[in-house]
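Here's the letter readout for the chains.
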Amino acid sequence: MSKLMLSGFVLSLFLFLTLSQADSRNSAINKNPDSRAQTGTLQRMIVENGMVTLDLDLDRLNADGSLAAKVVQLRFAVAANSFFNILVFNDLLRGPEQGSMALVPQYSTELPSRLTASINQLVVEKLPSSEKADLAIRDAKTGFTFFNIEGHQYGYDANGQLLNVQNGRLLISQDFANALGRPSNVGSRVGKISISAKMQPIEVTQLINGEPKSMVMPALHVPHVPLPGTTPGPDVIVGDLPAVQQFGSAGTQVGVAVATTSCNAGTIDLDWFALPNTDHPVIPQNLYRMSGGDDNTERFEQIGQSWLKHAFTALTQNVCGFGCNGVGGSHLGSGCSDPYSASLNGTQSGIGSRAWVNPFTGAFPSTANNHSSHSHDGVSHRVRVEADDLNQNLNPGATYFAEAQYVTPHEYTWCQAHPGECNMYNNVSYRQFSVTGTTSFTFSPLGSTVWRRPAFMAWTGAALNQLEPDPGNDGLWFIAHKVTNPAAGVWHYEYALYNENLDRAIQSFSVPLGPGVNITNIGFHAPPQEPGWPNDGTFNNQGYSSAPWTVTQAADSITWNSETFAQNQNANAIRWGTLYNFRFDADQPPEKANATVGYFKTGSPETVAIEGPSGNGSPTPTPTATATATATFTPTATATATATATATFTPTPTPTPTTTVTPRPTPTPRGSGSPRPRPTPPPRP
């Protein structure tokens, strides 16, 4: 840098320091006229990595006239070494310079098409001072502005070199308002934004009495591979699902296991201590099928689930290409990967019950993998699947997907001490597999593993919504739906509810019906449950029920429900890592509606946007039964098996208790400080 350029920079800095209106901690620098105000260390810093969260109200964004907020949360990783610059003087934030953060989406959801088309090339940009807004979200390639940002506050933690931007309001830009066909909506508030970023210095200047005495330019922490880069904190993801294998059979079912490779996308080495230590990930495995209709995409069902593999001894491979730091054993190092073969994940003595684990906190007792007092058959604890669900003579043209998830207490405890670095929501990945066979099955991978997304997101043509009933205290669940028109005057309504890591579980689902709507072919589907085992964490070791949900049809609604928690702690609720299906045919077309979902352990019922039969069209004959009529739950060959459900359920409503019984309260998040030791939790219903 020439002396002229440096002198110009120092002069600009001097003016900035004397004019800046910073917080009270910085006011002494601004108000003190003596030379000490310009003596110290000046750092120009850029983003090393980070996380951006957008909370969008889709009702306001789409302007559909609904009075109920429909908020979805979009999470983005910040691409490594994005040139979003800040100035820090004597460890105090002086402010941002012009620059931008490139965003890498972590979740997709139903968005306006114009925004969806740019979702992989968005940036958060610091605008020039001549602009009305300070920040904006733009398409990096076209320059199209989606949102202006106002009302935000900057914060900087010098110890961790962390930049935080909080409480930013997202306002529709002129570009976006015009593209939406609603120019009058310019400036309308449609959500909020928060940013947490790890910064690194690119230029360090020592100033004495306002004069630069020395300057260094530290080396950047460049990733080994030009991928999005690691995220703040520990962040285990499923980096690969290389294989699926069958390992046994019993009765009408087969036992399957999924090979998994974990990757730590975080900057912090992830705890990986083996049992009896409880600070390690647990790994459920699931199997899904997409089928039905003319193109075999009418429905998306979970056909199998396993218990949990307990992780031990991390290796130091680099399958995800993040650049492993070489740490292994009791920790999965930053950027490192660790493989578990299908054989290892299917070893029954290493698989513990899901019932012991809180999926949001990752907490479980040291006895969560106890196999004493019982013996295994060919499907015990593995991915338990009905052979008929895989038989290719019975499922021509069906598409199959394997899914795995890593749930770990380390991410939760880190989140409590670092609220902007919560990585418990991106731990699920899936991969498509082909299946051959009729009684014994072979699986072959198709395409690559899709990172950080549940398998149901592969459902062709489905709309989805994400729900978080108690942010910070419990996890996420999703609803997906698809409406088809298989025949004249007949509409098929298909709904799938997926619980990713929601501890309270789901107990009821109700769809409103318009006046005069006739429905037929009512169906329900759920994956088979494990039978009861000694020490399995369920109430009285009875295992979870496999009973199909009761259906109740009224003039203005149709409702499915399991038993309540008060009636049966082991009821067939939608627990974490599972997907249940609800369906019917109707003689009326769809319109926007609000379904009602009730929770199992705690929490008030909640409404969620869907499509349902309107009853506003011309009356049509009652549709006749078709091949799509399925209540396809098949009884498990266990002590808890029940009769196969059909389309003619007994319409007996299940009474709702006046009080909700909670087996164990979900922990309240702590804003700061070191995580506190947790007592061993009791068995979970």
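Residues numbered from 1 in each chain as written. Predicted model: local features only at pLDDT ≥ 70, side-chain atom pairs only at ≥ 80, totals over all residues. Heavy atoms only, no water.

Asker: What should I look at first to understand the overall build of the protein chain in this one?
Answerer: A count of helices and strands for the protein chain gives eight helices and 36 strands. Residues classed as buried in the protein chain amount to 56% of the 685 residues present. Within the protein chain, residue pairs in contact and separated by at least 24 positions form 70% of the contacts whose partners lie at least 6 positions apart. Total accessible area computed for the protein chain in this model is approximately 26,300 Å², and 53% of it derives from carbon and sulfur atoms. (Helix = DSSP H or I, 4+ residues; strand = E, 2+ residues; numbered from the N terminus. Buried < 20%, exposed > 50% of the residue type's maximum accessible area, 1.4 Å probe, protein only. Contact = heavy atoms within 4.5 Å. Areas by Shrake-Rupley, 256 points an atom, 1.4 Å probe, with all protein chains shown as cover.)

Asker: What's the story with the sheet that holds strand 32 (residues 550–554) in this structure? I'm lost.
Answerer: Here five strands make up an open sheet; going across it, the order is 32-33-30-35-36 and the pairing antiparallel. Two strands in the sheet have a free side with no partner beyond their single neighbour: strand 32 and strand 36 (606–613). With strand direction ignored, the average angle separating the axes of adjacent strands in the sheet is 20 degrees. Relative to strand 36, strand 35 (residues 590–599) runs antiparallel, the two sharing eight bridges. (Pairing = 2+ DSSP bridges. Axes fitted to C-alpha atoms, helices over the stretch in contact; angles between N-to-C directions.)

Asker: So what exactly am I meant to see when it comes to helix 8 (residues 409–417) here?
Answerer: Owing to its 3.6 residues per turn, the α-helix aligns residues three or four sequence positions apart on the same side. Where burial is concerned, most of helix 8 is hidden: eight out of the nine residues are buried. Two or three places before histidine 410, at the opening of helix 8, threonine 408 has a side-chain oxygen 3.3 Å from that residue's backbone nitrogen. (Polar contact = N/O pair within 3.5 Å; in protein donor to acceptor, adjacent residues only side chain to side chain.)

Asker: Honestly, the sheet that holds strand 21 (residues 337–340) in this entry has me stumped. Any pointers?
Answerer: Sheet strands line up and pair through hydrogen bonds in the backbone, either parallel or antiparallel. Pairing is antiparallel across the open sheet formed by three strands, whose spatial order is 13-16-21. On the outer flanks of this sheet lie strand 13 (236–240) and strand 21, each paired with one strand and no other. The sheet shows a mean angle of 30 degrees between the axes of neighbouring strands, direction not considered. The pairing of strand 16 (residues 260–264) with strand 21 spans four bridges and is antiparallel. Looking at strand 21, one finds that serine 262 is bridged to aspartate 338.

Asker: Just to check I follow, could you spell out the nonpolar core for this structure?
Answerer: The tendency in soluble globular proteins is for nonpolar side chains to be buried as a group. Leu56, Ile86, Ile137, Phe147, Leu170 and Ile193 are the most contacted members of the largest nonpolar core, which totals 40 residues. Excluding its chain neighbours within four sequence positions, the residues that come into contact with phenylalanine 147 are Leu56, Leu61, Leu115, Ala136, Ile137, Leu170, Leu171, Ile172, Ser173, Phe176 and Val190. Listed in part, the 32 residues of the second largest apolar core include Ile506, Ile519, Ala586 and Ile610. (Core = buried A, V, L, I, M, F, W, Y, C linked by side-chain atoms within 4.5 Å.)

Asker: I keep staring at the pattern of salt bridges and nothing clicks. Help me out?
Answerer: Think of it this way: side chains of opposite charge can pair up when their charged atoms draw near. Taken as a whole and assessed by the stated rule, the structure comprises 18 salt bridges. With a closest N to O distance of 3.0 Å, arginine 44 and glutamate 203 form a salt bridge. Taken together, the residues arginine 44 in strand 1 (residues 40–57) and glutamate 203 in strand 11 (residues 189–208) connect sequence positions 159 residues apart. When its relative accessible area of 16% is taken as the criterion, arginine 44 is described as buried. Between arginine 583 and glutamate 494 there is a salt bridge, with the nearest N and O atoms lying 2.7 Å from each other. With arginine 583 in strand 34 (residues 578–586) and glutamate 494 in strand 29 (residues 490–499), the pair connects residues that are 89 residues apart, well separated along the chain. The exposure class of arginine 583 is buried, given its relative accessible area of 0%. Residue class for glutamate 494 comes out buried when judged on its relative accessible area of 1%. Among the charged side chains, a network of salt bridges with common partners joins Arg289, Glu298, Arg299, Glu301, Asp389, Glu494 and Arg583. (Salt bridge = Lys/Arg side-chain N within 4 Å of Asp/Glu carboxyl O.)

Asker: Could you clarify how one ought to interpret the side chain of threonine 53 in this entry?
Answerer: Looking at the element boundaries, threonine 53 is found in strand 1. Threonine 53 gets classed as buried once you look at its relative accessible area, which sits at 14%.

Asker: Is there a simple way to explain the packing of aromatic side chains in this structure?
Answerer: Two numbers describe a pair of aromatic rings. These are the distance of the centres and the angle of the planes. Enumeration over the complete set of coordinates arrives at 28 aromatic pairs. An angle of 65 degrees between the planes, with centres 5.6 Å apart, marks the rings of phenylalanine 360 and tyrosine 412 as edge-to-face. Note that phenylalanine 360 is positioned in the loop between strand 22 (351–352) and strand 23 (383–386) and tyrosine 412 in helix 8, a separation of 52 residues in sequence. Classification of tyrosine 412 by relative accessible area gives buried; the value is 0%. Plain terms: the ring middles of phenylalanine 509 and phenylalanine 582 are 5.0 Å apart, the flat faces sit at 45 degrees to each other, and that makes the pair tilted. Of this pair, phenylalanine 509 sits in strand 30 (residues 506–512) while phenylalanine 582 sits in strand 34, and the two are 73 residues apart along the sequence. Using a relative accessible area of 0% as the deciding quantity, one classes phenylalanine 509 as buried. In textbook terms, an aromatic cluster arises when at least three aromatic residues are bridged by ring pairs, as seen for Tyr493, Tyr495, Phe509, Phe524, Trp549, Trp560, Tyr580, Phe582 and Phe584. (Phe/Tyr/Trp six-rings, centres within 6.5 Å; stacked < 30°, edge-to-face > 60°.)

Asker: Could you clarify how one ought to interpret unusual backbone geometry in this entry?
Answerer: Keep in mind that most residues, glycine aside, have a negative phi and that most peptide bonds are trans. The peptide bond linking leucine 275 to proline 276 adopts the cis configuration, its omega dihedral lying at 10 degrees. If you check the backbone angles, asparagine 167 has positive phi at about 60 degrees while not being a glycine. Even without being glycine, asparagine 540 reaches a positive phi, approximately 55 degrees. Inspection of the secondary structure assignment puts asparagine 540 in the loop between strand 31 (519–525) and strand 32.

Asker: It is not clear to me how the environment of tryptophan 459 should be interpreted in this structure. Could you clarify?
Answerer: Topologically, tryptophan 459 is positioned in the loop between strand 26 (442–450) and strand 27 (463–467). What makes tryptophan 459 buried here is its relative accessible area of 4%. Along the chain, tryptophan 459 and lysine 482 lie 23 residues apart, while their C-alpha atoms are 9.1 Å from each other. Once residues lying within four places of it in the same chain are set aside, the contact partners of tryptophan 459 are Met290, Thr297, Glu298, Arg299, Phe300, Ala480, His481, Lys482, Glu494 and Ala496. At 2.9 Å, the side chain of tryptophan 459 forms a polar contact with the backbone oxygen of threonine 297.

Asker: What am I meant to see in the state of the cysteines here?
Answerer: Chemically, a disulfide is nothing more than a covalent bond linking the sulfur atoms of two cysteines. Counted according to the given criterion, the structure contains three disulfides. The disulfide that involves cysteine 324 links it to cysteine 336, with 1.8 Å between the sulfurs. With the S-S bond torsion at 80 degrees, the cross-link from cysteine 324 to cysteine 336 turns out right-handed. Within this pair, whereas cysteine 324 is found in the loop between strand 19 (299–310) and strand 20 (331–332), its partner cysteine 336 is found in the loop between strand 20 and strand 21, the two being separated by twelve residues in sequence. Linked covalently through their sulfurs, cysteine 415 and cysteine 422 form a disulfide whose S-S length is 1.9 Å. With the S-S bond torsion at 70 degrees, the cross-link from cysteine 415 to cysteine 422 turns out right-handed. Residue class for cysteine 415 comes out buried when judged on its relative accessible area of 9%. Classification of cysteine 422 as buried rests on a relative accessible area of 19%. (Disulfide = S-S within 2.5 Å.)

Asker: Before we go on, may I ask you to explain the confidence of the model for the protein chain in this structure?
Answerer: Caution applies to low-pLDDT parts of the model: their predicted coordinates are not meant to be read in detail. On average, residues of the protein chain score 82 in pLDDT, and 81% of them are at 70 or above. The low-confidence segment residues 222–229, where pLDDT is below 50, has 15 contacts with residues more than four positions distant or belonging to other chains. Scored below 50 in pLDDT, residues 618–685 makes 155 contacts in the model with residues more than four places away or belonging to other chains. (pLDDT = per-residue confidence, 0-100.)

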